[in-house]
Amino acid sequence: MGLVDDNKNKEKDAPQESDGEGGAASFHATDLDDDNDDDNKLHLGPQCSLKEQLEKDKDDESLRKWKEQLLGSVDINNIGETLDPEVKFLSVAIVAPERPDIVLSIPEDGKPQGLWFTLKEGSHYRLKFFFQVSNNIVSGLKYTNTVWKSGLRVFSTKDMIGTFSPQQEPYTHEMPEETAPSGFMARGSYTAKSKFIDDDNKCHLEINYTFDIRKDWSSKE
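Per chain, residues are indexed from 1 in the order of the written sequence. pLDDT decides what is reported in this predicted model: residues at 70 or higher carry local features, side-chain atom pairs at 80 or more are listed and counted, and totals for whole chains, interfaces and linings draw on all residues regardless. Calculation of side-chain values draws on the structure's entire complement of heavy atoms; hydrogens and water are dropped beforehand.

In the annotation of an unreviewed UniProt entry, the entry for the protein reads Rho GDP-dissociation inhibitor 1-like, and the organism field reads Hibiscus sabdariffa. Regarding the protein, the UniProt comment filed under Subcellular location (unreviewed entry) reads as follows: "Cytoplasm". In its Sequence similarities (unreviewed entry) section, UniProt records this for the protein: "Belongs to the Rho GDI family." UniProt positions are given in the numbering used here, feature names are shortened, and annotations may be inferred rather than shown by experiment.

Structure follows, in structure tokens:
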């Protein structure tokens, strides 16, 4: 969903293309391979329900306090025996200082119809996700995003979101600031795929969508 990130740990291995207008279409790309993450994962043992986790080591005062801090406002009387956490993404907002937030609902099938949104070239913006967690703790939730233009991959990134306990109120998570590329070569239509994956390599949502970069937020050029 983003194109340029200022994080220093991202490799800048894609060239800049001059557009003849003094601008440049700049794409910062990273090597993103979800299939090779298993070797770097910390395996925590068999998964268990939230009730079972609460019963474990209950006589250990330090562990009990840590679990209370992690679980926060979880209603212990209403939790079940389900092993797998359920993460439901409700919406995403595009937050930019020069305009009101663009709030986009996220379809359950992860397939928004048609053009999902338009970015203004050169604009600074952040993505803000709204989501709910139920049944169990989701550990190490991360966001991956890959963007293509005319069939060529121009950007990919991976960002950690965090670990969340189940609660009725939605969580809000704001991503680092990004900058849309600018210039003639940057304008046009893009396709993208975003995924939300946890430490158990479970994909909670995959979004496939299209968006445009234009001269202005509502421009057709």
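Having put the structure on the table, let's press on.
Now for the overall build of the protein. Each helix corresponds to a stretch of at least 4 residues labelled H or I by DSSP, and each strand to a stretch of at least 2 residues labelled E; elements are numbered beginning at the N terminus. Of regular secondary structure, the protein possesses two helices and twelve strands. Moving toward the C terminus, one meets the helices and strands of the protein in the order β-β-α-α-β-β-β-β-β-β-β-β-β-β. Accessible area is worked out with a 1.4 Å probe on protein chains only. A residue is then buried under 20% of its type maximum, exposed over 50%, and partly exposed in between. Counting every position in the protein, which comprises 221 residues, the buried fraction comes to 44%. Sequence-distant contacts in the protein: of pairs separated by 6 or more residues, those separated by 24 or more amount to 73%. As displayed, the protein has an accessible area near 12300 Å², and 46% of this comes from carbon and sulfur atoms. Should any heavy atoms of two residues lie within 4.5 Å, those residues are considered in contact. Reported accessibility uses the Shrake-Rupley method at a 1.4 Å probe radius. Residues are deemed covered only where the shown protein chains occlude them.

Time to look at the sheet that holds strand β7 (residues 138–149). Strand pairing requires that DSSP identify at least two bridges connecting the strands. Judged by pairing direction, the sheet is mixed, and its five strands sit side by side in the order β5-β12-β11-β7-β8 without closing on themselves. The open sheet has two edge strands, β5 (115–120) and β8 (152–164), and neither has a second partner. Each strand of the sheet is rotated relative to its neighbour by a mean of 25 degrees, with strand direction disregarded. As judged from the ten bridges shared by β7 and β8, these two strands associate in the antiparallel manner. From the neighbouring strand, Trp-148 faces β8, where its bridge partner is Arg-153. Throughout, an axis means a line fitted to C-alpha atoms (over the contacting stretch in the case of helices), and angles, computed between N-to-C directions, take values from 0 to 180 degrees.

Before going further, it helps to spend a moment on unusual backbone geometry. One non-glycine residue with positive phi stands out, namely Asn-135, at about 75 degrees. Positive phi, normally seen in glycine, also occurs at Asn-201, with a value near 65 degrees. Tracing the backbone shows Asn-201 in the loop between β11 (188–197) and β12 (203–214).

A word on the nonpolar core. Ranked by internal contacts, the top residues of the largest apolar core, which has 37 residues, are Leu-119, Phe-131, Leu-141, Phe-196 and Phe-211. Broken down by secondary-structure element, the contributors of at least two residues to this core are β3 (86–95), β4 (102–105), β5, β6 (124–134), β7, β8, β11 and β12. Contacts of Leu-141, omitting those with residues within four sequence positions, involve Val-87, Phe-89, Phe-131, Met-160, Ile-161, Gly-162, Phe-164, Phe-196, Ile-197, Asp-198 and His-204. The criterion is simple. A nonpolar core is a set of buried Ala, Val, Leu, Ile, Met, Phe, Trp, Tyr and Cys residues joined through side-chain atoms within 4.5 Å.

Once that is clear, we can look at the packing of aromatic side chains. Centre distance and the angle of the planes are the two values used to describe a pair of aromatic rings. In this scheme Phe, Tyr and Trp rings, the latter by its six-membered ring, pair at centre separations within 6.5 Å, and the angle between planes marks the pair as stacked below 30 degrees, edge-to-face above 60, and tilted otherwise. Applying the stated criterion to the full structure yields 15 aromatic pairs. Look at Phe-117 and Phe-211: their rings are 5.1 Å apart centre to centre, the planes differ by 10 degrees, and that puts the pair in the stacked class. With Phe-117 in strand β5 and Phe-211 in strand β12, this residue pair connects regions lying 94 residues apart in the sequence. Phe-211 carries the same exposure label as Phe-117, and that label is buried. With centroids separated by 5.1 Å and ring planes inclined at 80 degrees, the aromatic side chains of Phe-129 and Phe-196 adopt a geometry described as edge-to-face.

A few words on the pattern of salt bridges. Any Lys or Arg side-chain nitrogen located within 4 Å of an Asp or Glu carboxyl oxygen qualifies as a salt bridge. Taken as a whole, this structure holds seven salt bridges when the rule is applied. Glu-121 is the partner of Arg-187 in a salt bridge, and the nearest nitrogen-oxygen pair spans 3.2 Å. Pair noted here: Arg-187 is in the loop between β10 (178–179) and β11 and Glu-121 is in the loop between β5 and β6, with a separation of 66 residues, a long-range link. For the pair shown, Arg-187 and Glu-121 are each scored as buried. A salt bridge links Lys-195 to Glu-206; the nearest nitrogen and oxygen atoms lie 3.9 Å apart. Of this pair, Lys-195 sits in strand β11 while Glu-206 sits in strand β12, and the two are eleven residues apart along the sequence.

Attention now moves to the environment of Asn-208. Secondary-structure assignment places Asn-208 in strand β12. On the basis of relative accessibility, which here comes to 28%, the residue Asn-208 falls in the partly exposed class. Along the backbone, Asn-208 and Gln-113 are 95 residues apart, and their C-alpha atoms lie at a distance of 9.6 Å. Residues contacting Asn-208, with those up to four places away along its chain left out, are Gly-110, Lys-111, Pro-112, Ala-192 and Lys-193. At 3.1 Å, the side chain of Asn-208 and the side chain of Glu-206 are in polar contact. Each polar contact in these results corresponds to two N or O atoms within 3.5 Å; when the atoms are within protein, one needs to be able to donate a hydrogen and the other to accept it, and residues that are neighboring in sequence are counted only if both atoms are side-chain atoms.

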